[in-house]
Amino acid sequence: MNSATLAPSQSREQKSLVIAALGIVFGDIGTSPLYTLKECFGGILALEPTPANVLGILSLIFWAILIVISLKYVIFIMRADNKGEGGIMALISLVQQKAEISTRFRFLLIGLGLIGASLFYGDGMITPAISVLSAVEGLKVLQPELHSYVVPISLAVLIGLFTFQRKGTAGVGALFGPIMAIWFCSLAVFGTLSLIKSPAVLAAVNPVHAFHFFAAHGWPSVLILGAVVLAVTGGEALYADMGHFGCEPIRKAWFLFVLPSLMLNYFGQGALLIQNPSAVQNPFYFLVPGGALVFMIGLATIATIVASQAVISGTFSLTSQAIQLGFCPRLGIQYTSEEEKGQIYIPWINWALMVAIIGLVLGFQSSSNLAAAYGIAVTGTMAIDTILAFVVVYSLWKWNPIISGMLAFGFLTVDLAFLVANAAKIFEGGWFPLVIGLIAFTLLTTWKRGRDLLRESLREDSVQVDQFLAEIVNNPPLRVAGTAVFMTSSREGIPPALLHNLKHNKVLHETVVLMTVTTENVPRVAPEKRREIRRLGAGFFRINLHYGFMEAANIPRVLKSSSRDFDIDISDTTFFLSRETIIPSTVPKMPLWRLKLFIGMSRNTSSAVSFFRIPPDRVVELGVQRML
């Protein structure tokens, strides 16, 4: 009886997850038909849309989507999850867990992962710009004289999108899935209408046409992969959003809905080019009958807004994970939904992205120009995903080395072919995501190294707990009523803030809590493993809190739940935080330029008060100077 009653509800939940995944997961790859085929024929090779060329390009797109998205991401890499979570930060966490990997090799792999994460920021800037521009460019097909309005309208849409971010996506998130369902249905319908008129184009599923294309055009034709890769952008999103929806809904949405719709539209565009080569200016919009063109321009604009929203949210999530794992300084994070922890808003990242995207639109002016900058960041991240996923499935999950090695070699060969083809676009705009990636990588690694050095410095100067408590017993200071919570990054020793408070104020609270928050290399920590409480004696307690990299710490809530272990009243609790002021030593422990960068980042770090959700009126901050 129970199974019979549960089955329909589970089925409805699965269907709702599939629809939701359409809006969040597939926005990037779902809007790629707007510009992919146009760039294949209008890019660096300036190909003529002859039947042979059309079949060759379609064959490349068909097999690229099957190999990179279907086989690599949906079937292979999505198995390499970290407690259900995906994305490059999850892979970094998995690599850190593997004890058998040598320290040097682990650092190398983590460095690769950080490069991939850094490149994602460049991708997060280009995707909204190229998507919205390509959608609004439909106005030029509707009325050529409207071309001067494309950039202003695109800027207005993007500025509105970023302005809306602070309100969160909880209110409109339910609309994303149905909107994208209509979008994919439209792709399939218009593609099918064209395909019926020239079904011979379906011969492109035969990979022989791709080989004939390369044979006819020689080695320079490899550069066409720099445009073909536009069809597979968004593969990382499938993996990164796995924790929100699970593997099965994403796989069902892909194989049953998204993949057929994309293929029908691409083949429909190809059929149109064979019938009407002049449609090469914008095959996506020329595919649409005149009466439906206004509708499709509006729908495409909305679809690109949804796709951009997903990329922006992904950037927020990546930054949040980097903060939790210690690669990024604390930034102000606002939670826009009481129910969904993943719905966050980071003002600094939001406005930085908006400024960069406005600069991209004004600088490149069109989606075709932006396509030159697009691809190298995506292919770099895809290659790194392959390497890290192989290490995880072989070393951590003990897959058969021959099978996993052959898969990794095959996928990496495809990834590197795309990467080499996109390298030719570096001087045409591909330098932009590389520069953004270099800046992000420098910031992430500088912060990690600086915090490690600072932690070592604090450890060297710390006082052992037993030694301190013995001194308290022998020479008891004045004890005052209430509870003092001292936040410390070290699980051992007495925090500098406590020593400074005792030295200057000459008092201790009746109850003293030494609290450390540790971010584990898993997305979430089970509630029963959240808290470790140890009585140290003389009214001292040590609490170690454990959070996953997808979770947010809430210190007051933990203290309230700890009342059964010791008497505590939040209204009579004072939180002591240490704020370090870093000064370069005569012989700096890291290059001076990097140390100054770390100092600048430290000064602009948001307070731990908001990060740990501590009541501001219960906080005392004590300054400590440190030389590095």
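Just so we're clear, the structure is a prediction, and the values are computed from it rather than from any experiment. (Residues numbered from 1 in each chain as written. Predicted model: local features only at pLDDT ≥ 70, side-chain atom pairs only at ≥ 80, totals over all residues. Heavy atoms only, no water.)

### Some points on the environment of alanine 408
Logical step 1: Its location among the elements puts alanine 408 in helix α20 (residues 401–423).
Logical step 2: Residue class for alanine 408 comes out buried when judged on its relative accessible area of 10%.
Logical step 3: C-alpha of alanine 408 to C-alpha of methionine 590: the two residues are 182 residues apart in sequence and 37 Å apart in space. (Helix = DSSP H or I, 4+ residues; strand = E, 2+ residues; numbered from the N terminus. Buried < 20%, exposed > 50% of the residue type's maximum accessible area, 1.4 Å probe, protein only.)

### Details of a nonpolar patch on the surface
Logical step 1: A grouping of Leu71, Ile75, Phe255 and Leu256 is seen on the molecular surface, where their side chains present a nonpolar patch of about 370 Å² in accessible area.
Logical step 2: Those elements giving two or more residues to the nonpolar patch turn out to be α4 (51–76) and α14 (247–275).
Logical step 3: Turning to its location among the elements, leucine 71 is positioned in helix α4. (Patch = residues over 30% accessible without salt bridge, like charges linked within 9 Å, V, L, I, M, F, W, Y side chains within 5 Å. Areas by Shrake-Rupley, 256 points an atom, 1.4 Å probe, with all protein chains shown as cover. Salt bridge = Lys/Arg side-chain N within 4 Å of Asp/Glu carboxyl O.)

### Focus on the packing of aromatic side chains
Logical step 1: Here the structure, examined in full by the defined rule, presents 12 aromatic pairs.
Logical step 2: Each ring, one from tryptophan 447 and one from phenylalanine 598, has its centre 5.1 Å from the other, and the planes form 45°; the classification is tilted. Of the two residues, tryptophan 447 sits in helix α21 (residues 431–460) while phenylalanine 598 sits in helix α25 (residues 592–603), which places them 151 residues apart along the sequence.
Logical step 3: For the pair phenylalanine 486 and phenylalanine 576, a centre-to-centre distance of 4.6 Å together with 15° between the ring planes defines the contact as stacked. You can see phenylalanine 486 sitting in strand β3 (residues 478–487) and its partner phenylalanine 576 sitting in strand β7 (residues 573–583), a full 90 residues away along the chain.
Logical step 4: By relative accessible area, which is 1% here, phenylalanine 486 ends up buried.
Logical step 5: Given the relative accessible area of 4%, phenylalanine 576 is considered buried.
Logical step 6: Through pairs of rings, three or more aromatic residues link up here, namely Phe62, Trp63 and Phe267.
Logical step 7: The ring of phenylalanine 327 has lysine 448 sitting right over it, with the charged end atom 5.2 Å from the ring centre. (Phe/Tyr/Trp six-rings, centres within 6.5 Å; stacked < 30°, edge-to-face > 60°. Lys NZ or Arg CZ within 6 Å of the ring centre and 35° of its normal.)

### Examining the pattern of salt bridges
Logical step 1: Within this structure, the stated rule accounts for 4 salt bridges.
Logical step 2: We note a salt bridge from glutamate 137 to lysine 38, for which the minimum N-O separation is 3.3 Å. One end of the pair, glutamate 137, is in the loop between α6 (103–136) and α7 (138–142); the other, lysine 38, is in helix α3 (residues 36–42), with 99 residues separating them in the sequence.
Logical step 3: Among the ionic pairs, aspartate 452 bridges to arginine 455, the shortest N-O distance being 3.0 Å. With aspartate 452 and arginine 455 both in helix α21, this residue pair falls 3 residues apart, about one helical turn.

### Details of the packing of α21 against α25
For any two helices packed against each other, the geometry comes down to the angle between their axes and how far apart the axes lie.
Logical step 1: Remark: α21 packs on α25, axes separated minimally by 9 Å, with the N-to-C direction vectors making an angle of 85°. The orientation of α21 with respect to α25, classified from their angle, is roughly perpendicular. Between α21 and α25, the contacting residues are Thr442, Leu443, Thr445, Thr446, Trp447, Gly450 and Arg451 on the first element and Trp593, Arg594, Leu597, Phe598, Met601 and Ser602 on the second.
Logical step 2: Its residues assigned to classes, the contact of α21 with α25 shows 6 nonpolar, 5 polar and 2 charged. (Axes fitted to C-alpha atoms, helices over the stretch in contact; angles between N-to-C directions. Parallel < 35°, antiparallel > 145°, perpendicular 65-115°, else oblique. Contact = heavy atoms within 4.5 Å. Nonpolar A, V, L, I, M, F, W, Y, C, P; charged D, E, K, R; others polar.)

### Side note on the packing of helix α19 (residues 376–396) against α20
Logical step 1: Their axes nearest at 8 Å, the elements α19 and α20 cross at an angle of 170°. When the interaxial angle is binned, α19 and α20 end up roughly antiparallel. α19 and α20 meet at a crossing whose hand is left-handed. Each of Ile376, Thr379, Gly380, Met382, Ala383, Thr386, Ile387, Phe390, Val393 and Tyr394 in α19 lies in contact with α20, whose residues at this interface are Pro401, Ser404, Gly405, Ala408, Phe411, Leu412, Asp415, Phe418, Leu419, Asn422 and Ala423. (Left-handed = near helix turned anticlockwise from the far one by under 90°.)

### Digging into the nonpolar core
Logical step 1: In this structure, Phe26, Trp183 and Trp254 are the most contacted members of the largest nonpolar core, which totals 168 residues.
Logical step 2: Judged by nonpolar contacts, the second largest core, of 17 residues, contains Val465, Leu469, Phe540 and Phe576. (Core = buried A, V, L, I, M, F, W, Y, C linked by side-chain atoms within 4.5 Å.)

### Some details on the confidence of the model for the chain
Logical step 1: Per-residue confidence for the chain gives a mean pLDDT of 82; residues scoring 70 or more make up 91%.
Logical step 2: Mean pLDDT across the elements of the chain bottoms out in helix α1 (residues 2–24) (61) and peaks in α4 (91).
Logical step 3: Segment residues 1–6 is flagged for pLDDT under 50; beyond a separation of four residues in sequence, or across chains, it makes 0 contacts in the model. (pLDDT = per-residue confidence, 0-100.)

### Points about the pairing of strand β5 (residues 531–537)
Logical step 1: Strand direction decides the pairing type here: β5 and strand β6 (residues 540–547), joined by 6 bridges, are antiparallel. What sits directly across from arginine 534, in β6, is arginine 542.
Logical step 2: Taken together, β5 and the strand that follows it, β6, pair antiparallel across an intervening segment of 2 residues, in which alanine 538 is found at a positive phi of about 60°. (Pairing = 2+ DSSP bridges.)

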